[in-house]
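Residue-level structural notes
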Amino acid sequence: MPYPSQVPNSIGHVESIKDETLIEDLGNFEYDPPSPEEANDFDSVPARELSGSDDLGPSFESVYGLDGSRVEIPVGDPRFNKRIGVIDIALINLDIGTLNEEARKAYVTPSKVDGLGTEHHVRMALPSTNTRYEAPTVHESWRKMTFHNFQEKSVFDQTLFDIYFNLLERAGRFHNNRIRIEQCPAQDCNHGPQFVNSTSPDYCPVCGTTIYPTDPLRVHERVTGSQSNEAALNVLMGLIEHMVLLGAADNVWYDNPAELETTAFIKDGPLAQFDTAAWIHEPIHNKLSQFQRYLRDNGRQPLVYMGIHKTGDFAAYAQEVRDYLDGPTVLPLSNEDIYEHVIAGDRTAEYAIKTYYGKNFLYKSAKGNGTGHCLPFLIPRRYEEGPLGEKQGDATIVQDPDAYEELARAISLLERLRTVQYTDGIIPLVLAHEAASIPEDLGRRVFGRIAEKVTR
Ligand SMILES: [Zn+2]
């Protein structure tokens, strides 16, 4: 996602801004933002009053930042409307020691500083409009290529498939080492629940279509043969983003679990998975609880694992209230506050109970030289049931900010990672964003040429 100060690359944006009637209509809409009094009337918690703020524990040594991008690229003769999808996930490992040395200089432009950290990528191509991959339809090609990509692409020592397999296990999707599939993935077959091979392709006994162990993700349900597949690419990209950051944490866990205390993990976007693959939010949360439990049982500081809303309703809300908040402070954003001020919704239901594994907060830093940051962010939810708040059945989300012991440490890190390069920019995400950007015109030229050669 672009930073707000970046120039929109779509000509459509420019045209609509010039349209005077549209501007006038927009001006006549009525909004219902909280008044300045109301904004400070929330149960905002000054930074110094957060639990754990009296002892922040050992300094962070490294931070993982993650962002992804995806693009659909036309291939070959435009009359045939052939496209492929490309996803690029960038994982940046930032060395806090090097950052501290740089920070002694007046102004840090992260992307201009060498040696701030290392960069890892998970990149993949997917068949899109009118493009196939060793299968009779785009739909089936997508399923096959997803499985293939999951087996081929790695996060450190694990393949995406290893990470996915563990999440399936945690979600209780196995029976005698076989995976339960609710319905045959073929578009014209309704064969109901069946158990299929968990590590290699299998076949539907009714229609004979190949079923892949990655089909429970159900992203293929968003794939169309003749139109844009951006919706499917977005869902798949989101999934892989979660898996890559989780894989980075898992890698630290395997190498030296104690380092989870001094390593932080931050992704662009919410700790939430939407659409057909939403079920994965629960096993991800379960896995994070394992790390949290380890740190707690060993008397260490809690895990700092965050998502940052850079666009969308929470980001828009942050812009509305930023000038009214006296930082450094945290808004706990309870269900009621969210439904009242951020997104209208059914107040009897917990916000995003079926998609989020993080709880929303908002951090406003102290003002200084016009660079105060206002960041809506998420950290893993706690649930009322379960020893460390794992989700069990219809668990209730804990709203009391005191239960989120990592808050003080998390905002001290955000404070450390601020950059004045972009509004509300934090260094690992600026770097990850720049690393993950697939320039659209370059993509067309380079990937288009490659794909054309391959498909010839
Ligand atoms: Zn079938």
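In this text, all values refer to a predicted model and were calculated from it rather than measured experimentally.

Helix and strand counts for the protein chain stand at 13 helices and 16 strands. Split into buried and exposed, the 456 residues of the protein chain put 43% on the buried side. Taking all contacts inside the protein chain whose residues are at least 6 apart in sequence as the whole, residues at least 24 apart take part in 69%.

With 17 residues, helix 8 (residues 281-297) extends 24 Å from end C-alpha to end C-alpha; this agrees with the ideal 24 Å at 1.5 Å per step. Burial in helix 8 covers these residues: His281, Pro283, Ile284, His285, Lys287, Leu288, Ser289, Phe291 and Gln292. On its buried face, helix 8 sits against helix 6 (160-170), helix 7 (230-255), strand 13 (304-308) and strand 16 (374-380). Of the residues flanking the end of helix 8, it is Gly299, one or two places downstream, whose phi is positive at about 65 degrees.

What follows is about the sheet that holds strand 9 (residues 194-197). Pairing within the open sheet is antiparallel, and its three strands lie in the order 7-8-9. Strand pairing shows two members of the sheet lacking a second neighbour, strand 7 (174-175) and strand 9, which therefore form its edges. As paired elements, strand 7 and strand 8 (residues 178-181) share two bridges and run antiparallel to each other. Counted as the bridge partner of His175 is Arg178 from strand 8.

Among the seven residues of strand 15 (residues 358-364), seven are classified as buried, and the element is accordingly described as predominantly covered. Every second residue of strand 15 is oriented toward a common face, with Gly358, Asn360, Leu362 and Lys364 on one face and Lys359, Phe361 and Tyr363 on the other, all of them buried. Note: strand 14 (residues 329-331) against strand 15, three bridges, orientation antiparallel. Bridged to Val330 within strand 15 is Tyr363. In terms of strand pairing, strand 15 meets strand 16 through seven bridges, oriented antiparallel. What sits directly across from Gly358, in strand 16, is Pro380.

A few words on unusual backbone geometry. In the segment running from Gly327 into Pro328, the intervening peptide bond is cis, with an omega of -5 degrees. Here Pro328 lies in the loop between helix 9 (313-321) and strand 14. Of note in this structure, Asp275 is not a glycine but carries a positive phi near 65 degrees. For Asp275, the position within the fold is in the loop between strand 12 (263-268) and helix 8.

Let us look at helix 12 (residues 427-436). Among the ten residues in helix 12, nine count as buried, and that is most of the element. Within helix 12, burial applies to Ile427, Pro428, Leu429, Val430, Leu431, Ala432, His433, Ala435 and Ala436.

This part is about the packing of helix 5 (residues 138-152) against helix 6. Direction vectors running N to C along helix 5 and helix 6 enclose 105 degrees, while the axes themselves pass 5 Å from each other. In terms of axis orientation, helix 5 runs roughly perpendicular to helix 6. Facing helix 5, whose interface residues are Asn149, Phe150 and Gln151, helix 6 presents Leu160, Phe161 and Tyr164. Looking at the contact of helix 5 with helix 6, its residues break down into four nonpolar, two polar and no charged.

Another point: the sheet that holds strand 4 (residues 117-127). On the basis of which strands lie adjacent, the open sheet formed by nine strands has the order 1-14-15-16-13-12-2-3-4 and mixed pairing. Here the strands that pair on one side only, and so sit at the sheet edges, are strand 1 (45-46) and strand 4. The pairing of strand 12 with strand 13 spans five bridges and is classified as parallel. The partner of Ala264 across the bridge, within strand 13, is Val304.

This next bit is on the nonpolar core. Inside soluble globular proteins, nonpolar side chains tend to come together where they are buried. Membership of the largest hydrophobic core comes to 110 residues, with the highest contact counts inside it found for Ile240, Val244 and Met306. The greatest single-element share of this core, amounting to 14 residues, is contributed by helix 7. Residues within four places of Met306 in sequence aside, it is in contact with Phe265, Ile266, Phe377, Leu378, Ile379 and Ala410.

Turning to the packing of helix 6 against helix 7, a few remarks are in order. The contact between helix 6 and helix 7 brings their axes to 10 Å, and the two run at 95 degrees. Compared by their axis directions, helix 6 and helix 7 come out roughly perpendicular. Contact with helix 6, carried on its side by Leu160, Ile163 and Tyr164, involves Ile240, Met243, Leu246 and Gly247 of helix 7 and no other residues of that element. Residue composition of the contact of helix 6 with helix 7, grouped by class: six nonpolar, one polar and no charged.

For the rest of this paragraph, the subject is the confidence of the model for the protein chain. For the protein chain, per-residue confidence averages 86 on the pLDDT scale, and residues scoring 70 or more make up 84% of the total. Contacts of residues 4-14 to residues separated by more than four positions or lying in other chains number five contacts, the stretch itself having pLDDT below 50.

Our next topic: the pairing of strand 12. Buried residues dominate strand 12, accounting for six of its six residues. Burial of the side chains of strand 12 extends over both faces: Thr263, Phe265 and Lys267 are buried on one face and Ala264, Ile266 and Asp268 on the other. Taken together, strand 12, helix 8 and strand 13 form a β-α-β motif whose crossover is right-handed.

Residue placement: Tyr294 occurs in helix 8. Sequence separation between Tyr294 and Ala258 is 36 residues, and the spatial gap between their C-alpha atoms is 8.7 Å.

Quick look at the environment of Val420 now. Here Val420 is to be found in the loop between helix 11 (407-417) and helix 12. For the pair formed by Val420 and Gly372, sequence separation is 48 residues and the distance between their alpha carbons is 9.0 Å.

We now examine the environment of Ile426. The residue Ile426 is located in the loop between helix 11 and helix 12 in this model. Overall, Ile426 belongs to the buried group, with 27 C-beta atoms counted inside 10 Å. Residues Ile426 and Leu375, spaced 51 residues apart in sequence, show a C-alpha to C-alpha distance of 9.6 Å. What Ile426 contacts, discounting residues up to four positions off in sequence, is Leu414, Leu417, Arg418 and Thr419.

Conventions and cut-offs
Position labels on residues start from 1 in each chain and follow its written sequence. Local features in this predicted model are restricted to residues whose pLDDT is 70 or higher, and side-chain atom pairs enter the listing and the counts only when it is 80 or higher, whereas totals over whole chains, interfaces and linings include all residues. Numbered from the N terminus, helices here are DSSP runs of H or I no shorter than four residues, and strands are runs of E no shorter than two. Neighbour density around each residue's C-beta defines its exposure: 20 or more other C-beta atoms within 10 Å make it buried, 12 or fewer make it exposed, and counts between make it partly exposed, where C-beta atoms are placed from the backbone. We call two residues in contact whenever the C-beta atoms placed from their backbones are within 7 Å. In this scheme, a helix's expected span is set at 1.5 Å multiplied by one less than its residue total. The rule for pairing is simple: two strands pair if DSSP sees at least two bridges between them. For helices, the fitted line uses only the C-alpha atoms of the stretch in contact; every axis is such a line through C-alpha atoms, and the angle between N-to-C directions lies from 0 to 180 degrees. For classification purposes, an angle smaller than 35 degrees is called roughly parallel, one larger than 145 roughly antiparallel, one from 65 to 115 roughly perpendicular, and anything else oblique. Residues are grouped as follows: Ala, Val, Leu, Ile, Met, Phe, Trp, Tyr, Cys and Pro are nonpolar; Asp, Glu, Lys and Arg are charged; all remaining types, including Gly, are polar. Nonpolar core, as used here: buried Ala, Val, Leu, Ile, Met, Phe, Trp, Tyr and Cys residues forming one set through C-beta atoms within 7 Å. What pLDDT expresses is the predictor's confidence in each residue, scored from 0 to 100. The crossover handedness rule: strands pointing away from the viewer, path from first strand over the helix to second strand clockwise, crossover right-handed.

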